[in-house]
Amino acid sequence: MSVSNLLENWSKFRHTHPVDDKGIPDWEAYPSDIKWAMSIDLDACTGCNACSVACYAENNLPVVGKDKYSHGQAMHWMRVERYWDEGDNGFQAEQGARFLPMMCQQCEAAPCETVCPVGATNHTEDGLNSQIYNRCIGSRYCSANCPYKVRYFNWYNYPEQENAWPAPLNQQLNPDLTVRTKGVMEKCTFCKQRTYTARNNAKTEGRPVQDSDVQTACQEACPAGAITFGNLHNPESQVAKQWQSQQVDLIKDIQEKDEKEGNRLRGYRVLEELRPYPSVMYLERVRESAV
Amino acid sequence: MTENDFSRRDFLKVLGWGGTAVALSGCGNTSIQDGQETVTSYVTLPSYVTPSISNYFNSTCAQCDAGCNIMGRVREGRVLKAEGNPNSPINRGRMCGLGLSGVQAHYNPDRVREPLLRTGDKGETITWDKALGLINEKLNGTKGTEIAFVTGGMSGHVQALLGNYMDELGSKNHFSYEAISPAVLRAANKKAYGESMPRYRIDKARVVVSFGADFLGAWVSPVHFSQQYAQFRKGSRPEGRGVLVQIEPKMTLTGANADRWIAVRPGTEGVLALGIINALGKAGLSIPADIAAVSHEYTTERTSKETDVSAEQIEKLAALLKERTPSLVLAGGAAEGYAHGSQNAAAIALLNRVLGNVGKTLEASASVPFPQIAPTVGSRSSLIALNDGLAAGKYKVVFSYGVNPVFSAPASMKFKDNFAKADFKVAFAQYMDETALAADLILPLDSAMEDWATVVPEYMAAPEGAGSNAYAQMSFRQPMMEKVFPDTRGVGDILLALLKQRTADKYKEFEDFYSYLRSAVLKNKVALGGKAGDDDEVFWNETLSKGIVPLKGIAGSVSAKASAAGLKLPVPTDADPSYPLRLIPAVSASMRDGRNANEPWLQESPDPLTTIVWDSWVEINPKTAAKLGIVEGDIVEVTSKSGSIKTQAYLFPGIHPDAVSVPVGYGHEAMGRYARGVGANVFGMLDSVFDKETGELALNETSVKISKTGQRVIIVKEEGPVGGSQAGKPKIAVQVSADKVDLSKEV
Ligand code: SF4
Ligand code: SF4
Ligand code: SF4
């Protein structure tokens, strides 16, 4: 792919994704009938980390060890961030801690995509930010440009030189996806291997994808059922119902409800104001004031 | 002894897929990286295998005692992942991180692979024939009273077989030990409600007040309670969104999720409970006379002074409890780990009676109709009994299975030395852990994904609906693949071989534990949900493939009989100036008592509250740290009367200023590459103080002092240098007050 070709493709894509030339959201122009999206209820999420471990199990994530962890080289596609309330005297614990499961937000206008010099990270027609490992040259611009810091770089050859899966631990590896090697970037894929299978199966059966066809690994494990995942284009899907009832519109960067006084809904997107149009909606954590 | 080896082919036969020449090779250490991706012969496939399509086998998680029902995802002869069984009333298709890591116990590179015999300092690998022969030899001439078994909590047919073996040996010395056990809770529940493990219905409560019960993390059946919790938080529930108040000196995962986390002074939980009862009375709730006779002394003023909880907070809490019913009050480890732990738990249980929760959010449980397979629960007091016996030289032959007391006993018990006094110690082990290292003979065990067992959970969750009060269940654990290491054995197979040494005739019809189990199940076909006329093969296959056997259990009953008679709570005393701080050993959801420390996912999975990985730490309140001149990362020495450890200091807002907390489960000297040398073992430095009623080790009764060593490290953790700050960004982890949001119509 020549650079001019790439830029041309890119600008075409940007013009309809997710807003057209005049900044008007254009659902009609959406290239497929599937748009994968998620919602995470922070009032149900307990911060237990099961989602993160499930992701290691599903997606062949290497354990890097203490030393590399200290250099910020952990490979956890899903990480659970922990925040405290802040008061005059520092952190306050009276209302507990706040947890935020954070992974690639599959931005519709992904800041990581525009900066990749080789087009290794780009958008799929079902609305995912994908990473083509064998095209990636390791420039790491994408990681620098990701506002959520959810891209993870293989600084080492984990499978071989680092022996991240000493035998027989390697027998646990999921054969549905690769084990990445040194020099490439990786990140949450919304369990691509699962969505892909679900789509193909539905296609074979001549019907649209339904909620019961696919769960991401994190969603499946979550003991509190805090994660919902599905096709935002299907009005029957739980995720579409949630986005709709929370009045969060994927292709807006300022939600109308946020402009209204007395808004009593709790759906929001993290760092929405940066206009990446993320595909993950969070539901605010609730705290009782009567006690 | 190869006839006892369980082969994959037999396994397939029992599932009704036999007959094909099966070429599933799970062992052989095939490596995807080697390019040897073909672990199944694509030429001669068994009928049920399609390459690239997973098969799921129902089984039972073995990572903790909750007994969640799992499905092993198996592809081309390898188990890849544990997923939750959606039909389970316990975990309803869900998993915790600890449970997910079970595959890493199975494929662990540090598993013991052959029987090992130690002579002096030397170890050698020996054959199974020799190992079992040696046990026979040592047992001959040893009296039953001189033989002891130490195991964890047990249940099911392995337990039944162990019982038979002990009967044959004439030994009654079965010590069921759990390093972290809700033993005080069981006793207190029995007294207060008539049942040691009633069903808790967090999902039905409008308010939950938990005195240190970490039900979302490490308490009793966390995946089950997490689902109840998710229900409880739903604003669209008829009862509205539930409110959680957590009262504990060190914030647990559950505390981190509370609407209000109350840092009570360590040990005064019972006082606070009585103070709340008194405040409830003041607010107009009628308090039964026997309780009022005790609680009236606990005026809000006095309670506040003793517990460090403000009068306003106590009154608010009482008002909330009075207004929103039903509620549920729980007592957990934080309240029970004292010499007066049982008294604390009894005082807390009174609240459920006063609030009328018994029968509403505390329901009767049911037990399995077969006592031989009903769970035997463990406690620390049984280890004390074993230790005393060992010290007195009473036991010559000791078997240990599934426990690691050399690691988890307080140093002051001198367990390791006493253990050494037994002539012959046999460890059934998956790892060369501290106890296996101290044994004479080590028998390598199959992993839980290679072995057969039946499991009856202590906490008996039930599906909704009619008959749930008599619902009990037995779950199957079945092999999901061929053995990873060919020379390990299932614990049932070992016990059966040992039984045959004693009484060959009685067991000669059973080739292996599998055939024993199958015949035991088929004999009870009707009680296990079949019909007398059902074909054995069909019944067995169907039962096994479901993995869960619902039983018509013996329905229990709960009653509000908690009484205040005899309740006596100590008046808190000033701390000993030489050991001014209270040590709270913390039990985390993934590390628990340390038995899973060699699973790398767990070491690299950040502690949810501190976000620390690959090490232990001591949590210190920032105020206390400031007084002591300690900053984050200082290596400090934590010293008690009984010992000391060195570890990194972490400044933590979720801890009472008079307390410090260190997680248990770290600091292994053995076990394997991921566990050894990681962190410090806090078990060793605990003082030997016991709960006065149950004799349980009082985990929170150790007082310590903290001194700086002058060394410092940069703590390896997930959070950055700004800690938990959102740096003023409005839209990261957003929180809203309950009165500012309409939850009733949420989908
Ligand atoms: S598994 Fe669920 S509850 Fe646990 S941290 Fe992840 S999203 Fe939250
Ligand atoms: S979250 Fe980061 S990596 Fe994911 S699409 Fe957005 S910018 Fe790219
Ligand atoms: S709570 Fe977790 S570790 Fe315990 S049985 Fe359930 S899944 Fe396994």
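None of these values were measured; they are calculated from a predicted model.

### Comments concerning the overall build of chain B
Stage number 1. Scanning chain B from terminus to terminus reveals 24 helices and 28 strands.
Stage number 2. For chain B, the proportion of its 747 residues judged to be buried stands at 64%.
Stage number 3. For chain B, restricting intrachain contacts to residue pairs at least 6 apart in sequence, the fraction spanning at least 24 positions comes to 74%.
Stage number 4. Here chain B displays about 26000 Å² of accessible surface, and carbon together with sulfur accounts for 52% of that area.
Stage number 5. If you average the places of the 79 positive and of the 81 negative side-chain charges in chain B, the two averages end up 4 Å apart.

### Some points on the packing of aromatic side chains
Geometry of an aromatic ring pair is reported as the spacing of the ring centres plus the angle between the planes.
Stage number 1. For the coordinates displayed, the defined rule picks out 30 aromatic pairs over all chains.
Stage number 2. Here the aromatic rings of A:Trp36 and A:Phe229 are separated by 5.3 Å at their centres, their planes lie at 10°, and the arrangement is stacked. Here A:Phe229 lies in strand β10 (residues 227–231) and A:Trp36 lies in strand β1 (residues 36–41), a separation of 193 residues in the sequence. For the pair shown, A:Trp36 and A:Phe229 are each scored as buried.
Stage number 3. Centroid distance B:Tyr165 to B:Phe399: 6.4 Å. Interplanar angle 80°. Geometry classified as edge-to-face. Taken together, the residues B:Tyr165 in helix α5 (residues 156–169) and B:Phe399 in strand β15 (residues 397–401) connect sequence positions 234 residues apart. In terms of burial, B:Tyr165 and B:Phe399 fall into one category: buried.
Stage number 4. Counting every residue linked through ring pairs, the aromatic cluster contains B:Phe149, B:Tyr165, B:Phe399, B:Tyr401 and B:Phe428.
Stage number 5. The positively charged end of B:Arg302 is found above the aromatic ring belonging to B:Tyr298, 4.2 Å away from the centroid.

### Things to note about the environment of A:His123
Residues and elements named next belong to chain A.
Stage number 1. For His-123, the location among the structural elements is in strand β6 (residues 121–123).
Stage number 2. Judged by its relative accessible area of 14%, His-123 is buried.
Stage number 3. Each C-alpha atom, one on His-123 and one on Gln-244, is 24 Å from the other, the two residues being 121 residues apart in sequence.
Stage number 4. A polar contact is formed between the side chain of His-123 and the side chain of Glu-108, at a distance of 3.1 Å.
Stage number 5. Within the structure, His-123 has its side chain in polar contact with the side chain of Glu-113 (distance 2.6 Å).

### Examining the UniProt feature "domain: 4Fe-4S Mo/W bis-MGD-type" (unreviewed entry) in chain B
Stage number 1. According to UniProt, the feature "domain: 4Fe-4S Mo/W bis-MGD-type" (unreviewed entry) maps to residues 54–110 of chain B in the numbering used here.
Stage number 2. Strand forms 35% of residues 54–110 of chain B and helix 16%; the C-alpha atoms that close the span are 27 Å apart.

### Digging into the sheet that holds strand β1 (residues 55–60) of chain B
All names here are of chain B.
Stage number 1. Taken in spatial order, the 3 strands of this open sheet run β1-β2-β3, and their pairing is antiparallel. The open sheet is flanked by β1 and β3 (78–84), the only strands paired with a single partner. Here the average twist between neighbouring strands, direction ignored, is 30°.
Stage number 2. One ladder, built from 6 bridges, connects β1 with strand β2 (residues 69–75); its direction is antiparallel. Opposite Thr-60, over in β2, you have Asn-69 as the bridge partner.

### Brief notes about the packing of helix α4 (residues 128–139) of chain B against helix α19 (residues 491–502) of chain B
Between two packed helices, what matters for the description is the angle formed by their axes and the separation of those axes.
All names here are of chain B.
Stage number 1. Running from N to C, α4 and α19 point in directions that differ by 50°, and their axes come no closer than 11 Å. The angle between α4 and α19 places the two elements in the oblique class. Considering the relative orientation of α4 and α19, their crossing is right-handed. For the pair α4 and α19, contact is made by Trp-128, Leu-132, Gly-133, Ile-135, Asn-136 and Leu-139 and by Ile-494, Ala-497, Leu-498, Gln-501 and Arg-502, respectively.
Stage number 2. Residue composition of the contact of α4 with α19, by class: 7 nonpolar, 3 polar and 1 charged.

### Examining the nonpolar core
Stage number 1. Among the nonpolar cores identified, the biggest contains 193 residues, and A:Leu100, A:Tyr282, B:Phe211 and B:Phe215 are the most heavily contacted of them.
Stage number 2. With 8 residues, helix α9 (residues 269–282) of chain B is the single largest residue contributor to this core.
Stage number 3. Those residues in contact with B:Phe215 that sit more than four places away from it in its chain are B:Ile202, B:Val208, B:Ser210, B:Pro222, B:Phe225, B:Tyr229, B:Leu244, B:Thr254 and B:Leu330.
Stage number 4. Formed by 57 residues, the second largest nonpolar core is a distinct cluster that contains B:Tyr165, B:Phe370, B:Val491 and B:Phe539.

### A word on the environment of B:Lys282
Residues and elements named next belong to chain B.
Stage number 1. Note on placement: Lys-282 falls in helix α9.
Stage number 2. For Lys-282, a relative accessible area of 56% corresponds to the exposed category.
Stage number 3. Residues Lys-282 and Ala-318 lie 36 residues apart in sequence; the distance between their C-alpha atoms is 9.2 Å.
Stage number 4. In this structure, Lys-282 is in contact with Thr-300 and Glu-315, ignoring residues within four places of it in sequence.
Stage number 5. Within the structure, the side chain of Lys-282 is placed 3.1 Å from the side chain of Thr-300, a separation counted as a polar contact.

### Details of the environment of B:Phe476
Residue and element names in this part refer to chain B.
Stage number 1. Within the secondary structure, Phe-476 is located in strand β19 (residues 471–477).
Stage number 2. By relative accessible area, which is 0% here, Phe-476 ends up buried.
Stage number 3. Distance in space between the C-alpha atoms of Phe-476 and Val-455 is 6.3 Å, their sequence separation being 21 residues.

### Section: the site of ligand 3
All names here are of chain B.
Stage number 1. Within the structure, ligand 3 sits among Cys-61, Gln-63, Cys-64, Ala-66, Gly-67, Cys-68, Cys-96, Leu-98, Gly-99, Pro-222 and Val-223.
Stage number 2. Elements that contribute at least two residues to the shell around ligand 3 include exactly α2 (97–100) and α7 (222–232).
Stage number 3. Taken together, the residues that form the shell around ligand 3 break down as 8 nonpolar, 3 polar and no charged.

The rules behind each value
- In this convention, every chain numbers its residues from 1, walking through the sequence in written order.
- As a convention, the first chain written is A and the first ligand written is 1, with the rest following in written order.
- Only residues with pLDDT of at least 70 get local features here, since the model is predicted, and only at 80 or more are side-chain atom pairs given and counted; chain-wide, interface and lining totals rely on the full set of residues.
- Where side-chain values are given, they derive from all heavy atoms of the structure, hydrogens and water being excluded.
- In this text, helices come from DSSP runs of H or I with a minimum length of four residues, and strands from runs of E with a minimum of two, each type numbered from the N-terminal end.
- Type-normalised accessible area, obtained with a 1.4 Å probe on protein chains alone, sets the label of each residue: buried when under 20%, exposed when over 50%, and partly exposed for intermediate values.
- In what follows, residue pairs with any heavy atoms lying within 4.5 Å of each other are defined as contacts.
- All accessible-area figures derive from a Shrake-Rupley calculation using a 1.4 Å probe, and residue coverage is judged against the displayed protein chains alone.
- Neither His nor the chain termini are counted; the positive set is Lys and Arg, and the negative set is Asp and Glu.
- For charged residues, the charge sits on one atom: NZ in Lys, CZ in Arg, CG in Asp, CD in Glu.
- Pairing of aromatic side chains requires ring centres within 6.5 Å, counting the rings of Phe and Tyr and the six-membered ring of Trp. Pairs whose planes differ by under 30 degrees are stacked, by over 60 edge-to-face, and all others tilted.
- Charges are assigned to positions over rings by a cutoff of 6 Å between ring centre and Lys NZ or Arg CZ, combined with an angular limit of 35 degrees from the ring normal.
- Throughout this description, a polar contact denotes any pair of N or O atoms lying within 3.5 Å of each other; where both atoms belong to protein, one of them has to be capable of donating a hydrogen while the other can accept it, and for residues adjacent in sequence the pair is counted only when both atoms sit in side chains.
- UniProt positions are given in the numbering used here, feature names are shortened, and annotations may be inferred rather than shown by experiment.
- Two strands are counted as paired when DSSP detects at least two bridges linking them.
- To obtain each axis, a line is fitted to C-alpha atoms, and for helices this fit is confined to the stretch in contact; angles are then taken between N-to-C directions over 0 to 180 degrees.
- Any angle that falls under 35 degrees is termed roughly parallel, while one over 145 is termed roughly antiparallel, one within 65 to 115 roughly perpendicular, and all others oblique.
- Note: crossing handedness is left-handed where the near helix turns anticlockwise from the far helix by less than a right angle, and right-handed where it turns clockwise.
- Gly counts as polar in this scheme, as do all residues outside two lists: the nonpolar Ala, Val, Leu, Ile, Met, Phe, Trp, Tyr, Cys and Pro, and the charged Asp, Glu, Lys and Arg.
- Definition used in this section: a nonpolar core is a set of buried Ala, Val, Leu, Ile, Met, Phe, Trp, Tyr and Cys residues joined via side-chain atoms within 4.5 Å.
- Definition of nearness: a residue and a molecule or strand are near each other if at least one heavy atom of the residue lies within 4 Å of the molecule or strand.

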